[in-house]
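Overview (structure and organization)
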Amino acid sequence: MSELSLPPFLILSAFLLACGVFCLATKRNAIGLLMGVELILNAANVNLVAAARFVPSLKLEGQVFALLVVVLAAAEAAVALAIFLNFYNNHATIDVDEATDLRG
Amino acid sequence: MNLTVVLFAMLAAVTAASAVGVAASRSVVRAAVWLLFTLIGVAGVYFLLGAEFLGAAQLIVYVGGTMVLMVFGVMITNQGPFAVLRTKPVEWAVGGVLAGGLFVLLATASLNFVSSGKTPDDPLPGISPIGLSFLGVEDGGKSYLLPFEVVSVHLLVVLVAAAYLARAKRRVNQVASGKEQGTNKEDTRQEQGVTP
């Protein structure tokens, strides 16, 4: 392999996605779940940018949609952290197994 | 074996190792630090791919914004230093099987993926074409003005909602019980002060 091609980036992205799914399945801290979601979104972004680099017809689209994903991930993290802080204020824990009702 | 392959191998190793650290560390503080290195590694992959603006945006938004937010969330909601919530072994097994199966499936699919033709040598479009296409003035018919506006309004709504949800409100019974506890403490102190 003398030159980079698309499959190594896809495999890196698949590995990040698997780590994110593992995070979502095993963490019980709500902020740990949020970290798993960030890993999954980064995996999707690596895919998009690699497609922008190696597929000639996606040069602009890959970067544009990756930027949109970055903005949406920031918004998602902000609102999810707000919900977790509210839950912590009401229940004094952040264990997701305790979050059976969110009314407070 | 040229320089970009070596650089990709290093960046991918750092990113993958710290992603494993995020998934495997029991303390959420350590997971946050591992996630920081993962995000920096992904930004390095963007720089390697030639998307400089995206790499800079990743560093600014993720490493500078989201990570700080997340670390503050950890600090506010932490129950004691390095609190650890135990996970059942069944959940470890289910998560491991799920993640491993997903990775094997996607990796085999990626290896079967036939890259079409030769790797293009021309660089990715820089900041100027991206900005012009976001604002809809790029000639060639590609306009992303509507997604841009939708995302901006969405960001505004979400930040207002987050500020509303996370505002420091104290419920009435909590205030009352706190006052009672405070008076009880004072009473006990007075009693203790009186008794000797």
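For every chain, the first residue of its written sequence is number 1, and the numbers climb from 1 along that sequence. Following the order in which they are written, the chains are lettered starting with A and the ligands numbered starting with 1. Per-residue local features are limited, in this predicted model, to residues with pLDDT of at least 70; the limit for side-chain atom pairs, both in listing and counting, is 80 or more; totals at the level of whole chains, interfaces and linings are taken over all residues.

**What about the overall build of chain B?**
Runs of E in the DSSP output that reach at least two residues are strands. Runs of H or I that reach at least four are helices, and both are numbered from the N terminus. Within chain B one finds seven helices and zero strands. Helices (α) and strands (β) of chain B occur, in sequence order from the N terminus, as α-α-α-α-α-α-α. Any residue whose C-beta has 12 or fewer other C-beta atoms within 10 Å is treated as exposed, any with 20 or more as buried, and any in between as partly exposed, C-beta atoms being built from the backbone. In chain B, which comprises 196 residues, the share counted as buried stands at 21%. Long-range contacts, defined here as pairs at least 24 residues apart, represent 47% of the contacts in chain B between residues at least 6 apart. Contacts here follow a simple rule: the backbone-placed C-beta atoms of the two residues must lie within 7 Å.

**Considerations on the overall build of chain A**
Counting its secondary structure elements, chain A contains three helices and zero strands. Note that the radius of gyration is over C-alpha atoms, with the globule rule given as 2.2 Å times the number of residues to the power 0.38. Against the 2.2 N^0.38 benchmark of 13 Å for 104 residues, chain A shows a C-alpha radius of gyration of 17 Å, more extended than a compact globule. Along the first, second and third principal axes, the C-alpha atoms of chain A reach 55 × 25 × 15 Å. The proportion of buried residues among the 104 residues of chain A is 57%. Pairs at least 24 apart in sequence give 48% of the contacts found in chain A among residues at least 6 apart.

**Focus: the nonpolar core**
Core analysis: the largest hydrophobic core is formed by 74 residues, its most contacted members being Leu16(A), Cys19(A), Ile31(A), Val46(A), Val49(A) and Val22(B). Those elements that place two or more of their residues in this core are helix 1 (6-26), helix 2 (30-54) and helix 3 (59-91) of chain A together with helix 1 (3-24), helix 2 (28-49), helix 3 (52-77) and helix 5 (127-134) of chain B. Those residues in contact with Leu16(A) that lie beyond four places of it in its chain are Leu39(A), Asn42(A), Ala43(A), Val46(A) and Ala19(B). As used throughout, a nonpolar core is a set of buried Ala, Val, Leu, Ile, Met, Phe, Trp, Tyr and Cys residues joined through C-beta atoms within 7 Å of each other.

**Some words on helix 1 of chain A**
In a regular helix each residue adds 1.5 Å, so 21 residues correspond to 30 Å; helix 1 of chain A covers 31 Å between its end C-alpha atoms and thus fits that length. Of all 21 residues that make up helix 1 of chain A, 17 are buried, and the element is covered over most of its length. Helices are assigned an expected span. That span is 1.5 Å times one less than the residue count.

**Regarding the interface of chain A and chain B**
Quoted interface sizes are often the accessible area lost when the parts come together. Counting from both sides, the interface comprises 63 residues of chain A and, opposite them, 73 residues of chain B. At the level of secondary structure, the elements contributing two or more residues to the side of chain A that touches chain B comprise helix 1, helix 2 and helix 3 of chain A. Looking at the side of chain A that touches chain B, the element that brings in the most residues is helix 3 of chain A, giving 23 residues. Nonpolar residues are Ala, Val, Leu, Ile, Met, Phe, Trp, Tyr, Cys and Pro. Charged residues are Asp, Glu, Lys and Arg, and all others, Gly as well, are polar. Its residues assigned to classes, the side of chain A that touches chain B shows 49 nonpolar, eight polar and six charged.

**Section: the confidence of the model for chain A**
As a per-residue quantity, pLDDT reports the predictor's confidence and falls between 0 and 100. Within chain A, residue pLDDT values average 87, and 95% of them lie at 70 or more. Averaged over each element, pLDDT in chain A is lowest for helix 3 of chain A (89) and highest for helix 1 of chain A (93).

**A word on the confidence of the model for chain B**
Residue and element names in this part refer to chain B. Averaged over all residues, the pLDDT of chain B is 80; the fraction at 70 or higher stands at 76%. Across residues 178-196, confidence stays below pLDDT 50; counting only partners more than four residues off in sequence or on other chains, it has zero contacts. Scored as a whole, the predicted complex attains pTM 0.84, and scored at its interfaces, ipTM 0.91.

**Points about the packing of helix 3 of chain A against helix 5 of chain B**
Contact geometry for helix 3 of chain A and helix 5 of chain B: axes closest at 10 Å, N-to-C directions at 75°. Overall, the two elements helix 3 of chain A and helix 5 of chain B adopt an arrangement that is roughly perpendicular. For the pair helix 3 of chain A and helix 5 of chain B, the contacting residues are Leu60(A), Gln63(A) and Val64(A) in the first and Pro129(B), Ile130(B), Ser133(B) and Phe134(B) in the second. Of the residues contributing to the contact of helix 3 of chain A with helix 5 of chain B, the split by class is five nonpolar, two polar and no charged. Note on method: axes are straight lines fitted to C-alpha atoms, helices fitted across the in-contact stretch only, with angles between N-to-C directions ranging 0 to 180 degrees. Roughly parallel here means an angle under 35 degrees, roughly antiparallel means over 145, roughly perpendicular means 65 to 115, and every remaining angle is called oblique.

**Topic: the environment of Leu33(A)**
Residues and elements named next belong to chain A. The topology assignment puts Leu-33 in helix 2. Between the C-alpha atoms of Leu-33 and Val-21, which are 12 residues apart in sequence, the distance is 9.3 Å. Residues in contact with Leu-33, not counting those within four places in the same chain, are Leu-24, Lys-27 and Val-96.

**Comments concerning the packing of helix 2 of chain A against helix 3 of chain B**
Interaxial distance between helix 2 of chain A and helix 3 of chain B falls to 11 Å at its minimum, and their mutual angle equals 170°. Relative to helix 3 of chain B, the element helix 2 of chain A is oriented roughly antiparallel. Listed contacts from helix 3 of chain B to Ile31(A), Leu34(A), Glu38(A) and Val49(A) of helix 2 of chain A are Leu54(B), Thr66(B), Met70(B), Gly73(B), Val74(B) and Thr77(B). Taken together, the residues that form the contact of helix 2 of chain A with helix 3 of chain B break down as six nonpolar, three polar and one charged.

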